[in-house]
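Inside the fold
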Amino acid sequence: MSDALLEVENLRTVFHTEKETIRAVDGVSFDVQRGETVGLVGESGSGKSVTARSVLGLVEEPGVIEEGSIEFCGDELVGGNWDEHRGDIAIVFQDPMNSLNPVYTVGNQIKEALRIHQGLRGQEATDAAIELLEDVGIPDAARRVSEYPHQFSGGMRQRAVIAIALACDPDLLVCDEPTTALDVTIQAQILELLDELQREEDLGVLFITHDMGVIEETTDRVNVMYAGEFVESAPVDELFDAPKHPYTKGLLASIPGRTAGGDRLPTIEGEVPTSTSEPTECRFAPRCPHAFDACREVHPERIAVGDPDADHETACLLYDDEFEESPPEDGVVADGGETV
Ligand SMILES: Nc1ncnc2c1ncn2[C@@H]1O[C@H](COP(=O)(O)OP(=O)(O)OP(=O)(O)O)[C@@H](O)[C@H]1O
Ligand code: NI
């Protein structure tokens, strides 16, 4: 048995709607170690949040985990063991207003978490709440502890949400686009705060974003998600230095300043498809500038690529010796399929 904090194996989470079965997360596997930040990146609708909700046991009807295993510290969670680990896994969502209750003071919400997860009450809890607000960088914490969420700015609210998450004394923190709703300066501050807390508390972090720039700054290892699957996984440096999957290359090309010349950012045309059946092809093929015939007929398996020491994998036939097309020369996939 590995000593991973979180070990996800072949997870499939589907939504049974009247019309069809949506395979939002379709067979993903990954680990998070203590002290490690693992990124999940992909466009809107790729299945990032459903992966996060699955890990937390928060998949809502008509969604269900249909297959796979989620082990936390060696305990299987799928099948209903989340309650035993409530508080061990905390989440920070994009919009702090949705995580805060407007009718209670910020302090009371932190104290509630301290009571449930750490058994603290009364003055002891109040003191601990103030200390947590100080830890997350809220000035004048002794006064602000009795203020309401609407009295906080957006950035301060997200700090308060992080304080509540920490009040659970978690081992794993799941961050789902935690800075997307914030302006750039505040975003940088919150990322710095998360980084600091992670190092101090030796937290494992699952970090979700659609922003490759944030991934580069924040994560140790990255999983690139497309239509419910992980199309590429690698340590962050390896992924940025030697991306393999055309989708990863497309995402990287959209980072400002990474592409040579021109002021227009290349984008990948089209949208993430909704997956409704078992894949018999590469789900990215319709948007892929390098797709060849086999890509529409064979579902690519994940294979080892790049630096043999890097644990770098991609699911793309371009790298599979069995198929004819050879990998594209170095360069980035741009709009309309030219290589720039
Ligand atoms: N309650 C639901 N009912 C039906 N389908 C759903 C539901 N929630 C999510 N899905 C499906 O799961 C897919 C993945 O959604 P998810 O929220 O995980 O995407 P995401 O990668 O987090 O995107 P975003 O960047 O927009 O947050 C969606 O495209 C949708 O088809
Ligand atoms: Ni999401």
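Residues numbered from 1 in each chain as written. Chains lettered and ligands numbered in written order. Predicted model: local features only at pLDDT ≥ 70, side-chain atom pairs only at ≥ 80, totals over all residues. Heavy atoms only, no water.

In the annotation of an unreviewed UniProt entry, the chain is listed under the name Nickel import system ATP-binding protein NikD and assigned to Halolamina pelagica. We quote the UniProt Subunit (unreviewed entry) comment for the chain here in full: "The complex is composed of two ATP-binding proteins (NikD and NikE), two transmembrane proteins (NikB and NikC) and a solute-binding protein (NikA)." Listed under Catalytic activity (unreviewed entry) in UniProt, the entry text for the chain is "Ni(2+)(out) + ATP + H2O = Ni(2+)(in) + ADP + phosphate + H(+)". (UniProt positions renumbered as here; feature names shortened; annotations may be inferred.)

The helix and strand tally for the chain stands at 10 helices and 12 strands. In summary, the chain has a C-alpha radius of gyration of 21 Å against a globular reference of 20 Å for 340 residues, a match within 12%. A burial count over the chain gives 52% of its 340 residues as buried. Contacts spanning at least 24 positions in sequence make up 64% of the contacts within the chain whose residues lie at least 6 apart. Taking the 24 positively charged and 69 negatively charged side chains of the chain as two groups, their mean positions are separated by 6 Å. (Helix = DSSP H or I, 4+ residues; strand = E, 2+ residues; numbered from the N terminus. Rg over C-alpha atoms; globule rule 2.2 N^0.38 Å. Buried < 20%, exposed > 50% of the residue type's maximum accessible area, 1.4 Å probe, protein only. Contact = heavy atoms within 4.5 Å. Lys, Arg positive; Asp, Glu negative; His and termini not counted. Charge placed at Lys NZ, Arg CZ, Asp CG, Glu CD.)

This part covers the site of ligand 1. Within the structure, ligand 1 sits among F15, I22, A24, E43, S44, G45, S46, G47, K48, S49, V50 and E177. For ligand 1, an oxygen atom lies 3.2 Å from a polar atom in the backbone of S46. When ligand 1 sits alone it has 640 Å² of accessible area, and the protein chains cover 67% of it. Elements with a contribution of two residues or more to the shell around ligand 1: strand 2 (21-32) and helix 1 (48-56). If one sorts the elements of the shell around ligand 1 by residue count, helix 1 sits on top with three residues. (Near = heavy atom within 4 Å. Polar contact = N/O pair within 3.5 Å; in protein donor to acceptor, adjacent residues only side chain to side chain. Areas by Shrake-Rupley, 256 points an atom, 1.4 Å probe, with all protein chains shown as cover.)

The subject of this paragraph is the confidence of the model for the chain. When pLDDT is averaged across the chain, the result is 91; 92% of the residues are at 70 or more. Residue range residues 334-340 is modelled with pLDDT below 50. Its contacts to residues more than four positions away, or to other chains, number 16 contacts. (pLDDT = per-residue confidence, 0-100.)

Pairing of strand 1 (residues 6-16) with strand 4 (residues 63-72), which is carried by eight bridges, proceeds in the antiparallel orientation. Pairing of E7 across the sheet is with E71, part of strand 4. Linking strand 1 back to strand 2 in an antiparallel pair, the connection comprises four residues. (Pairing = 2+ DSSP bridges.)

The topology assignment puts P300 in the loop between helix 10 (246-253) and strand 11 (303-304). The class of P300 is buried, set by a relative accessible area of 8%. Sequence separation between P300 and Y319 is 19 residues; the distance between their C-alpha atoms is 9.7 Å. Other than its neighbours up to four places away in sequence, P300 contacts E281, C282, A315, C316 and L317.

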